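Structure at a glance
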Amino acid sequence: MLEHYFVKPDTIDAIRASWIAEPIEQYVAWLAGHGYRPRVILRRVPLLRQFGEFARDHGATQWSELPTHVEPYVKHWVKVHAKNAYQAKRWVANDARTPIEQLLSLMLPDFRGTGQRRTSQDPFLVQAPGFFVYLREERGLRELSLRHYRHYLHNLEAYLARINLLHLSELTPAILSAFVVESGRRLSPHSMTGLCSSLRVFLRYLYREQLINRDLGATVESPRRYQLADLPRSISWDDVRRMLDVVDRRSALGKRDYAILLLLVTYGLRGHEVAGLTLEHIDWKRERLLVPQRKAGHTTAYPLSSVVGEAILDYLKNARPHVKERRLFFRVVAPVRPVTAVTVSSRATHYLRKAGINVRRPGSHTLRHTCVQRLVDAEFNFKVIGDYVGHASPSSTRIYTKVDVETLRMVALGQEEVLP
């Protein structure tokens, strides 16, 4: 594998003479398999060889001893390569730490680097190990719902650790109230409702399993929300054109993002629905787009718009990485992995801001709302609109009746006034 990247035999011999040569070669194969570019490999291999020599010079004799030498080497690397404190903080340290920790993760199965997420593990796994089994098997929740529970309960777990409350049996209404109040400073009313609902389910489970001595679920009250109180975060169709115009479709990133944006605004898809599309969901023969397992529990088949189809085809031919996995959209930088719902929403946010479009909480749902609002303005039946975008409840569609810009303009100006 080294011969694919290094031309000089002396360089290859020097790498293979290292006492960590075997894991370095495994790491090179891993980088190549995950789509890293040759220039990245050429830069990282000498660094890893230097790290091996640094660790040996400082007393390391076994691979298991290498983790203790990571931070000293990173400090050494920063001292040599960083020109100022800003560079040291922003990227120079990570230039060294990232490849070393990736290498050690391949060498040592139990190694966890500072940059690796720990939140993928279920929260309260030690004190309430059966909770997510209960959600999955007894309540029949899908993985998307379980993700919400993990998110909210990870926040609770972090809060309890911060106030040094070590046992769930020590929970009190005052502690729960303080957590909810603190969360309310950064969460939207909708997210607060989800947080309180998740807390109630969790607390009732703890009481059922006798992990706490009273049912604290009743002490967690959701914030009061009124039906149809919110306004949809839609934008005008002229703003949609402005957003699409700022996408640089010459690059692989632009080709991918252009197709994603068109899917969001044409069909009103959710971010996770776009991220979950596979090659099989594009039926080129019948010119259909299939969106399975929607929030309402059904699969929707759309006619494939020629504009959307051309954008997807351009991405497939000229930008999609050559991978065996059947997912439609992938990251454009290594490691090559399918995009997530977070990626879809963040790219929508990026282009809305780049186009100078001011909207509350920009993201993929902004384009979903825009799609629905356009159908409402075209006077489609609400049942048809709800089915089109996969609304689980008719009330989700009725909220768009509140936004009638032309009528509001007439009310504001009066019968005799005309806009210039």
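Residues numbered from 1 in each chain as written. Predicted model: local features only at pLDDT ≥ 70, side-chain atom pairs only at ≥ 80, totals over all residues. Heavy atoms only, no water.

This part takes up the confidence of the model for the chain. Chain-level pLDDT for the chain is 86 on average; 88% of the residues reach the 70-or-more range. Between residues 405–409, whose pLDDT stays under 50, and residues either more than four places distant or in other chains, the model counts one contact. Counted against residues more than four places away or in other chains, residues 416–420, with its pLDDT under 50, gives two contacts. (pLDDT = per-residue confidence, 0-100. Contact = heavy atoms within 4.5 Å.)

Looking now at the sheet that holds strand β2 (residues 288–291). Reading across from one edge, β1-β2-β3 is the order of the three strands in this open sheet, with antiparallel pairing throughout. Only two strands of the sheet have a single neighbouring strand rather than two, namely β1 (282–283) and β3 (300–303). Across two bridges, β1 lies against β2 in antiparallel orientation. Within β2, the residue paired with I282 across the bridge is L289. (Pairing = 2+ DSSP bridges. Helix = DSSP H or I, 4+ residues; strand = E, 2+ residues; numbered from the N terminus.)

This brings us to the packing of aromatic side chains. On inspection of all chains with the given rule, the structure shows 15 aromatic pairs. Ring centres 6.0 Å apart and planes at 10° place the aromatic pair Y27 and W30 in the stacked group. Of this pair, Y27 and W30 are both found in helix α2 (residues 21–33), three residues apart, which corresponds to roughly one turn of the helix. Relative accessible area serves as the criterion here: at 0%, Y27 is assigned to the buried category. Ring centres 6.3 Å apart and planes at 40° place the aromatic pair Y73 and W77 in the tilted group. With Y73 and W77 both in helix α4 (residues 70–81), this residue pair falls four residues apart, about one helical turn. Each member of the pair, Y73 as well as W77, is classed as buried. Three or more aromatic residues joined by ring pairs make a cluster, and in this case those are F124, F131, F132, Y134, Y149, F202 and Y205. Its end group placed over the ring of Y258, R249 keeps NZ or CZ at 3.9 Å from the ring centre. Cation over ring: R374 sits above W237, and NZ or CZ is 4.0 Å from the ring centre. (Phe/Tyr/Trp six-rings, centres within 6.5 Å; stacked < 30°, edge-to-face > 60°. Buried < 20%, exposed > 50% of the residue type's maximum accessible area, 1.4 Å probe, protein only. Lys NZ or Arg CZ within 6 Å of the ring centre and 35° of its normal.)

Another point: the pattern of salt bridges. The full count for this structure, using the stated rule, is 18 salt bridges. The partner of R241 in a salt bridge is D238, and the shortest N-O contact between them spans 3.0 Å. Of the two residues, R241 and D238 both sit in helix α10 (residues 237–245), three residues apart, roughly one turn of that helix. Using a relative accessible area of 46% as the deciding quantity, one classes R241 as partly exposed. Given a relative accessible area of 53%, D238 falls into the exposed group. For R288, the salt bridge identified is with D283, shortest N-O distance 3.7 Å. Judged by its relative accessible area of 32%, R288 is partly exposed. Its relative accessible area of 12% is what places D283 among the buried residues. The structure contains a network of salt bridges with shared partners spanning E3, R16 and E25. (Salt bridge = Lys/Arg side-chain N within 4 Å of Asp/Glu carboxyl O.)

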